[in-house]
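Read off the chains here:
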Amino acid sequence: MMSGEKSAIISGKSAFSAVVDEACERLMDRQVKYSIERIHQMESRLAGLERELDEFLVQKDRK
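Residues numbered from 1 in each chain as written. Predicted model: local features only at pLDDT ≥ 70, side-chain atom pairs only at ≥ 80, totals over all residues. Heavy atoms only, no water.

Visitor: Please give an account of the overall build of the chain that cites residues and values.
Guide: Within the chain, the secondary structure is distributed over one helix and zero strands. When the 63 residues of the chain are sorted by exposure, 2% land in the buried category. Carbon and sulfur atoms form 60% of the exposed surface of the chain, whose accessible area is close to 6,200 Å². (Helix = DSSP H or I, 4+ residues; strand = E, 2+ residues; numbered from the N terminus. Buried < 20%, exposed > 50% of the residue type's maximum accessible area, 1.4 Å probe, protein only. Areas by Shrake-Rupley, 256 points an atom, 1.4 Å probe, with all protein chains shown as cover.)

Visitor: Quick one: what's the story with a negative patch on the surface, residue by residue and with numbers?
Guide: Taken together, the side chains of Asp21, Glu22, Glu25 and Asp29 make up a negatively charged region of the molecular surface. Relative to the helices and strands, glutamate 25 resides in helix H1 (residues 3-62). (Patch = residues over 30% accessible without salt bridge, like charges linked within 9 Å, V, L, I, M, F, W, Y side chains within 5 Å. Salt bridge = Lys/Arg side-chain N within 4 Å of Asp/Glu carboxyl O. Lys, Arg positive; Asp, Glu negative; His and termini not counted. Charge placed at Lys NZ, Arg CZ, Asp CG, Glu CD.)

Visitor: Could you give an account of a nonpolar patch on the surface, naming the residues involved and the relevant values?
Guide: A cluster of nonpolar side chains, contributed by Leu53, Phe56 and Leu57, occupies part of the molecular surface with about 290 Å² of accessible area. Locating phenylalanine 56 in the fold gives a position in helix H1. Classification of phenylalanine 56 as exposed rests on a relative accessible area of 51%.

Laid out in structure tokens, this is it:
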């Protein structure tokens, strides 16, 4: 085995590790964006439910 082969293997492992790290980082970024989007959707839905509840309570008080 030549010393050049050994450094190529180490270089290959670190290159693979870098690819895996980048892929994981991109997946985490995507998950964070998705989570933020879902939170915004839930906030909108909650605001709608609060409005409906307020309207219901106003109508109930009128009766």
